[in-house]
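Summary of structural features
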Amino acid sequence: MKKTLFLLLAFIMLAAGVYFLTKKESGQISTIKTDDRNFVVKDLSQVGKIFIADRTGFATTLERKGKEWLLDGKYKARENAINNLLTTISTIEIKYIPPNSAIPNIVDGLAVHGIKVEIYDTGGALMRTYYVGGVTNDERATYMLMEGAEQPYAMHMPLMEGALRARYRLDIMDWRDRAVFGYDADEIDYVSVEYPKQKNKSFILERKDNTFEVSPFYSSSPRSNKPYRKGSAETYLMGFKKTDAEAFENDHPRRDTIAAMIPFAIVTVKDSKGVTKAAQFHSKRARDANGLLIPNNEASLKSTIERYHIVHSSGDLMLGQHLVLGKLFWSYESFFKE
């Protein structure tokens, strides 16, 4: 009985050995390490800081502060850009392992053009460090390499084919939040809207306990004797939530000239914490079908104003669309019944 059991065990071990050798020779058992492919961070709630840098000298730090992300400790980061980055680091997958013959060129490319990405948790501990390179020949994946590893991988996102590099490497102005104001209605205590060329339409809106008071901006303008339109103040303040500019234009060659001009409107907001933001809006005149500027006497019409140059209290010059920002330009009489 013991002899039979011994022979059975020997047969099983021999069979296992033959199976292993057969699989290894056929390439079905990989000798590639698996600890150099752990790029993804599934639990985004644990991510507190992301550092990104490249060989050109570009470097930026994105850090979570409550519900917001800060750029380099100074600016609010643009929500859409942050969401794209977080989606990327939490969903990237290996599309395929490059052949050995391609690895030297891939690694050389990463050494010269790679973007270094460091991901830290909310306690400041380093979670991941890897490099993002260029796209694969078919442009359906992006090469990535974990720090200290030798094996690069072709990475992609499910349901998306193409370069991931642009989600990591943005110019500073593309990382920055473009909100001109960006307040919830209940965060605002005070708004003034001054129209230098239309003084009778200028106004001040102030929160008084649970009510609002609307008054003329200029003391020389008469107060309305019409009944207040209930709910109008709340409706107006809701317009300050989504007020994103189209772009920053701090390098505009006529920046100083624009700032020195009389603006179409000056909007000032004070929040419940006592912090004030202000913006001057300069109408950017539209062009007619022949490409000529619309005359000054027609440029004041809303239908001809497509964009504004915005001189912001942050020191930035921005460009914004009337389609997005026009909701801020109410007049004094808008708050009263006809």
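Residues numbered from 1 in each chain as written. Predicted model: local features only at pLDDT ≥ 70, side-chain atom pairs only at ≥ 80, totals over all residues. Heavy atoms only, no water.

**Considering the overall build of the chain**
Here is the rule we go by: Numbering goes from the N terminus for both helices and strands, where a helix is a DSSP run of H or I of at least four residues and a strand is a run of E of at least two. In this scheme, a residue with accessible area under 20% of its type's maximum is buried, one over 50% is exposed, and one in between is partly exposed, where area comes from a 1.4 Å probe on protein chains only. Residue contacts are counted whenever heavy atoms from the two residues lie within 4.5 Å of one another. Note that accessible areas follow from Shrake-Rupley with a 1.4 Å probe, and for residues the cover is restricted to the protein chains shown.
Along the chain, the regular secondary structure elements total nine helices and 17 strands. Counting the 338 residues in the chain, one finds 37% classified as buried. Of all intrachain contacts in the chain linking residues separated by at least 6 positions in sequence, the fraction that spans at least 24 positions is 60%. In the form shown here, the chain has an accessible surface area of approximately 20,000 Å², with 52% of it arising from carbon and sulfur atoms.

**Considerations on the pattern of salt bridges**
Rule in force here: The rule for a salt bridge is simple: a side-chain nitrogen of Lys or Arg has to be within 4 Å of a carboxyl oxygen of Asp or Glu.
With the rule as written, the count across this model stands at twelve salt bridges. For lysine 76, the salt bridge identified is with glutamate 68, shortest N-O distance 3.7 Å. For glutamate 68, a relative accessible area of 38% gives the class partly exposed. The partner of aspartate 171 in a salt bridge is arginine 169, with the nearest N and O atoms 3.4 Å apart. Under the relative-accessibility criterion, aspartate 171 is labelled partly exposed at 46%. Classification of arginine 169 as partly exposed rests on a relative accessible area of 24%.

**Focus on unusual backbone geometry**
What you tend to see is this: most non-glycine residues have negative phi, and most peptide bonds are trans. Its identity is not glycine, yet aspartate 72 carries a phi of approximately 55 degrees, on the positive side. Within the fold, aspartate 72 resides in the loop between β3 (68–71) and β4 (75–76). Judged by relative accessible area, which is 33%, aspartate 72 ranks as partly exposed. With a phi angle near 55 degrees, aspartate 209 is a residue other than glycine that sits in the positive phi range. Relative to the helices and strands, aspartate 209 is located in the loop between β11 (203–208) and β12 (211–216). Of the residues examined, aspartate 209 reaches a relative accessible area of 75% and is grouped as exposed.

**A word on the packing of aromatic side chains**
Worth spelling out the cut-off: To pair, rings of Phe, Tyr and Trp, with the six-membered ring standing in for Trp, must have centres within 6.5 Å; the planes then decide the type, stacked if under 30 degrees apart, edge-to-face if over 60, and tilted in the middle. Distance and angle both matter: a charge sits over a ring if NZ of Lys or CZ of Arg is within 6 Å of the ring centre and within 35 degrees of the ring normal.
Evaluated as defined, the whole model comprises 18 aromatic pairs. When the centroid spacing of 5.1 Å and the interplanar angle of 55 degrees are considered together, the rings of tyrosine 236 and tryptophan 330 count as tilted. Highlighted residues: tyrosine 236 in helix α6 (residues 232–237) and tryptophan 330 in the segment after α9 (322–325), separated in sequence by 94 residues. Ring plane angle 20 degrees and centroid distance 5.9 Å describe the contact between phenylalanine 264 and tyrosine 308, whose orientation is recorded as stacked. Taken together, the residues phenylalanine 264 in the loop between α7 (255–260) and β14 (265–271) and tyrosine 308 in strand β16 (residues 305–312) connect sequence positions 44 residues apart. For tyrosine 308, a relative accessible area of 1% translates into the label buried. Above the face of the tyrosine 218 ring, lysine 199 is positioned so that its terminal group lies 5.0 Å from the ring centre.

**As for the nonpolar core**
Let me state the cut-off plainly: To qualify as a nonpolar core, a set must consist of buried Ala, Val, Leu, Ile, Met, Phe, Trp, Tyr and Cys residues joined through side-chain atoms within 4.5 Å.
If you look at the biggest cluster of nonpolar residues, it comprises 33 residues, and the most contacted ones within it are Phe181, Val191, Leu205, Tyr236, Phe240 and Phe281. Contributing elements (two or more residues each) for this core: β10 (188–194), β11, β12, α6, β14, β15 (276–285) and β16. Here phenylalanine 181 is in contact with Phe240, Thr243, Val267, Val269, Lys277, Ala278, Ala279, Phe281 and Leu328, once residues within four sequence places are set aside. Of all hydrophobic cores here, the second largest spans 31 residues; its members include Val47, Leu85, Met146 and Met157.

**Comments concerning the layout of surface pockets**
To keep it simple, the criterion reads: Cavities and pockets are defined on a 1 Å grid built over the protein atoms alone: a cavity is a set of grid points where a 1.4 Å probe fits but cannot escape, while a pocket is an open set with protein on both sides within 12 Å along at least five of seven lines, and lining residues are those with an atom within 4 Å of any such point. Grid points are joined across faces, edges and corners, and a volume is the space filled by probe spheres set on the points. Three categories are distinguished: nonpolar for Ala, Val, Leu, Ile, Met, Phe, Trp, Tyr, Cys and Pro, charged for Asp, Glu, Lys and Arg, and polar for the others, with Gly belonging to the last.
Taken as a whole, the largest pocket holds about 1,300 Å³ of empty space. In terms of lining, the largest pocket is formed by 38 residues, of which the most central are Glu68, Lys76, Asp177, Phe181 and Gly182. Residue assignment for the lining of the largest pocket shows that the elements contributing at least two residues are β3, β4 and α2 (79–91). Counting residues per element, the lining of the largest pocket draws most heavily on α2, at five residues. Of the residues belonging to the lining of the largest pocket, the class tally is twelve nonpolar, seven polar and 19 charged.

**A look at the pairing of β12**
As a reminder of what qualifies: Paired strands, in this sense, are two strands between which DSSP finds at least two bridges.
Of the strand pairs in this sheet, β11 and β12 are connected by six bridges, and their pairing is antiparallel. When the bridges of β12 are listed, isoleucine 204 appears paired with serine 215. Connecting β11 to the antiparallel partner β12 that follows it, the hairpin turn spans two residues, and aspartate 209 within it adopts a positive phi of roughly 55 degrees.

**A few points about the sheet that holds strand β1 (residues 47–53)**
Taking strand neighbours across the sheet as the criterion, the nine strands line up as β4-β3-β2-β1-β6-β7-β8-β9-β5 in an open arrangement whose pairing is antiparallel. Among the strands making up the open sheet, the edge pair consists of β4 and β5 (93–96). Examined bridge by bridge, strand β8 (residues 142–146) and strand β9 (residues 153–156) share three bridges and lie antiparallel to one another. Looking at the pairing, threonine 142 lines up with methionine 155 of β9.

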